[in-house]
Amino acid sequence: MQQSGKFGVIGTVVFSLFFPQTSIQSEDCKISSMDGEFTMQVSREDKEVKILLNFRDASQFSHALIEKSDDIKNEFRQCGYVDLKSEVNPNGDVAKKDKYPRMHSASYYRLRIVSKEGIERTYPAVRLPGKTQ
């Protein structure tokens, strides 16, 4: 019994390291961190992709990178930069657009937040379905 307790602790540590604190995606295009630090919602409007972010306390961070991929298994590339000191309104909101969206196929967007100390946190991706023709 003592060994199973050790493995339980190790499993919890491994899970915590490989799966950052995010909640399960409640909608196809929205994600929130479990610690309440941010929410991200991605939507299509006409020929644009809008990315709405809300931060609980943006002052603790330096900047955020919005990254996208056409396939969740492939590398993500930066599609937006947020200077959290100057771009976030008093309510913690900021809106961005993907200048080069894929319209007819699914895309995956994720957020990478960088603290003032230079510590990066990358969160799981949110899926934005392709627009039906």
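Up top is the structure.
Residues numbered from 1 in each chain as written. Predicted model: local features only at pLDDT ≥ 70, side-chain atom pairs only at ≥ 80, totals over all residues. Heavy atoms only, no water.

Caption draft 1: Molecular detail of the sheet that holds strand 2 (residues 38-45). Taken together, four strands build an open sheet; the order of strands is 1-2-3-6 and the sheet is antiparallel. Each having just a single partner strand, strand 1 (30-32) and strand 6 (93-98) make up the two edges of the open sheet. Ignoring which end each strand starts from, the neighbouring axes of this sheet average 15 degrees apart. Pairing analysis gives six bridges linking strand 3 (residues 48-55) to strand 6, with the strands arranged antiparallel. Across the sheet, residue Asn54 finds its bridge partner in strand 6, namely Asp93. (Pairing = 2+ DSSP bridges. Helix = DSSP H or I, 4+ residues; strand = E, 2+ residues; numbered from the N terminus. Axes fitted to C-alpha atoms, helices over the stretch in contact; angles between N-to-C directions.)

Caption draft 2: Broad picture of the pairing of strand 3. Burial along strand 3 is one-sided: the face carrying Val49, Ile51, Leu53 and Phe55 is buried and the face carrying Glu48, Lys50, Leu52 and Asn54 is not. Sheet topology note: the strand 2/strand 3 ladder contains eight bridges and is antiparallel. Bridging from a neighbouring strand, Glu45 pairs with Glu48 of strand 3. Where strand 2 folds back onto strand 3 in an antiparallel hairpin, the turn is made up of two residues, including Asp46, whose phi is positive at roughly 55 degrees. (Buried < 20%, exposed > 50% of the residue type's maximum accessible area, 1.4 Å probe, protein only.)

Caption draft 3: Summary view of the nonpolar core. Counting 23 residues, the largest nonpolar core has Met40, Leu53, Phe55, Tyr109 and Leu111 as its most contacted members. Examining the composition of this core, we find that four residues originate from one element, strand 3, more than from any other. Here Leu111 is in contact with Phe38, Met40, Leu53, Phe55, Ala64, Leu65, Ile66, Arg121, Thr122 and Tyr123, once residues within four sequence places are set aside. (Core = buried A, V, L, I, M, F, W, Y, C linked by side-chain atoms within 4.5 Å. Contact = heavy atoms within 4.5 Å.)

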